[in-house]
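Listed below, chain by chain, are the residues.
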Amino acid sequence: MTIVSNKVEEITRKNWIDWMKVIGITAVVWGHFFPEGMSDFIYAFNVPVFFVISGYLTKENRGMRENAKKVAVGLAVPYILLALLKVAGFVFKHITDGKALWSLLYVVTGVHDYNGISGCNNLWFVYTLIIIKLFFPIIRKQRILIAVLAVVSLVCGKLYSDLDVDIPWAVPDVLLAFPFYALGYLIRVHNPKSNVQKNYNRLSILLSAIGVILLVAITYFASSYNGEVHLFSGHYGNNIFLFVLAALSGTAMVYLLSKLLDSVRWHGLRIISSGTIVILTFHREFIHPLSKLFDKLDMSLIMQNVAIFLSSVVIVLVFIPIIMLLERYAPILLGKRK
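Here we summarise the structure given alongside this text. (Residues numbered from 1 in each chain as written. Predicted model: local features only at pLDDT ≥ 70, side-chain atom pairs only at ≥ 80, totals over all residues. Heavy atoms only, no water.)

Quick word on the nonpolar core
Phase 1 of the analysis: If you look at the biggest cluster of nonpolar residues, it comprises 85 residues, and the most contacted ones within it are Tyr 79, Phe 125 and Val 126.
Phase 2 of the analysis: In this view, Val 126 contacts Leu 75, Tyr 79, Ile 277 and Leu 280; residues no more than four positions away in its chain are not counted. (Core = buried A, V, L, I, M, F, W, Y, C linked by side-chain atoms within 4.5 Å. Buried < 20%, exposed > 50% of the residue type's maximum accessible area, 1.4 Å probe, protein only. Contact = heavy atoms within 4.5 Å.)

Next up, the structure:
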């Protein structure tokens, strides 16, 4: 029975969405190397693309109670467990000086590492997504209201960012994240059978490749003028319009690239896609030693950036056996029931 259901899942799930998630998480890892000359470009889209995907995958007919249960099992429980594992070393080290309690408080309230105290770290994204998913069913059937709230949220996000508040907190991050979540949802419900999919099928591979190149250029130049985006602290860069432009063009770039790769069906793709939360939590443990190594090596900027990108891909691939073990022995960490 399990084998049959797994086969059905492999057939029915959208392969291009798995590709989007894999490309997105690779970009997250890549960005945390902070490659010179590329950070603005990477941070323009690597987080917004996940909020768009999350909105797109939101079901229309799920009730409030069912939704809360799904969020609890799929996001909240993995968030708490993984965040506690992440800060465990810090907590035990500071068990006697009071910082341990602050660390646990940061995890519960969605505060990033702050003032030298470990918090939810990269899992701020999950905390923000939990907030959005819990209140979204209230407005889910009101498409015009969703669009209006997305605009209002963006305006409020700009005002918050302009205050220059230097507290990396997942709660105000909802303001800049919600518009992308709403966009993904509206794309899905506008036509469940997806005109985007039909229109894409009429395009040639050549035109799609040209589209990717153009979107890369738009994202790169828009992000270069906008500066580095720090969504974890609610900051959009220098210009809110360039922030939106770069985020949307970058997301469209990932979509087109994923559609070009849609025919490539690889079991490892599904594994990485289902375990992005684990990669999000622990990838920095692999980055730190590699970053120190690259700093010591006498490489040109181009060679260093190539090495960093390839290392990012390798780090993501290394997580495949880790995720497979968790799927078998600790599926709760991946948002699945035993």
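Quick word on the packing of helix α2 (residues 15-31) against helix α12 (residues 240-260)
Axis angle and axis distance: for two packed helices, these are the angle between their axes and the distance between the axes, and together they describe the pair.
Phase 1 of the analysis: In the contact formed by α2 and α12, the axes pass within 8 Å of each other and the chain directions differ by 130°. Judged by the inter-axis angle, α2 sits oblique to α12. Between α2 and α12 the crossing geometry is right-handed. Residues Trp 16, Trp 19, Met 20 and Ile 23 of α2 pack against Thr 251, Val 254, Tyr 255, Leu 257, Ser 258 and Lys 259 of α12.
Phase 2 of the analysis: When its residues are assigned to classes, the contact of α2 with α12 shows 7 nonpolar, 2 polar and 1 charged. (Axes fitted to C-alpha atoms, helices over the stretch in contact; angles between N-to-C directions. Helix = DSSP H or I, 4+ residues; strand = E, 2+ residues; numbered from the N terminus. Parallel < 35°, antiparallel > 145°, perpendicular 65-115°, else oblique. Left-handed = near helix turned anticlockwise from the far one by under 90°. Nonpolar A, V, L, I, M, F, W, Y, C, P; charged D, E, K, R; others polar.)

Some thoughts on the pattern of salt bridges
Phase 1 of the analysis: All chains considered together, the criterion is met by 5 salt bridges.
Phase 2 of the analysis: For the salt bridge of Lys 158 with Asp 162, the shortest nitrogen-to-oxygen distance reads 2.7 Å. Remark: Asp 162 and Lys 158 occur in helix α8 (residues 143-162); sequence separation between them is 4 residues, near one turn of the helix.
Phase 3 of the analysis: When its relative accessible area of 29% is taken as the criterion, Lys 158 is described as partly exposed.
Phase 4 of the analysis: One salt bridge in this structure joins Lys 259 and Asp 262, with 3.8 Å as the shortest N-O distance. For the pair Lys 259 and Asp 262, one class covers both residues: buried.
Phase 5 of the analysis: Here the salt bridges share partners, and the residues they tie into one network are Arg 270, Glu 327 and Lys 336. (Salt bridge = Lys/Arg side-chain N within 4 Å of Asp/Glu carboxyl O.)

Some points on helix α5 (residues 64-93)
Phase 1 of the analysis: Here α5 is 30 residues long and its end C-alpha atoms lie 41 Å apart, about the 44 Å a rise of 1.5 Å per residue gives.
Phase 2 of the analysis: Taking the largest bend as the criterion, α5 deviates by roughly 50°, centred on Val 87.
Phase 3 of the analysis: The inward-facing, buried residues of α5 contact α6 (99-109), α7 (124-139) and α14 (276-282). (Expected span 1.5 Å × (residues − 1). Bend = angle between axes of the 7 residues up to and from the residue.)

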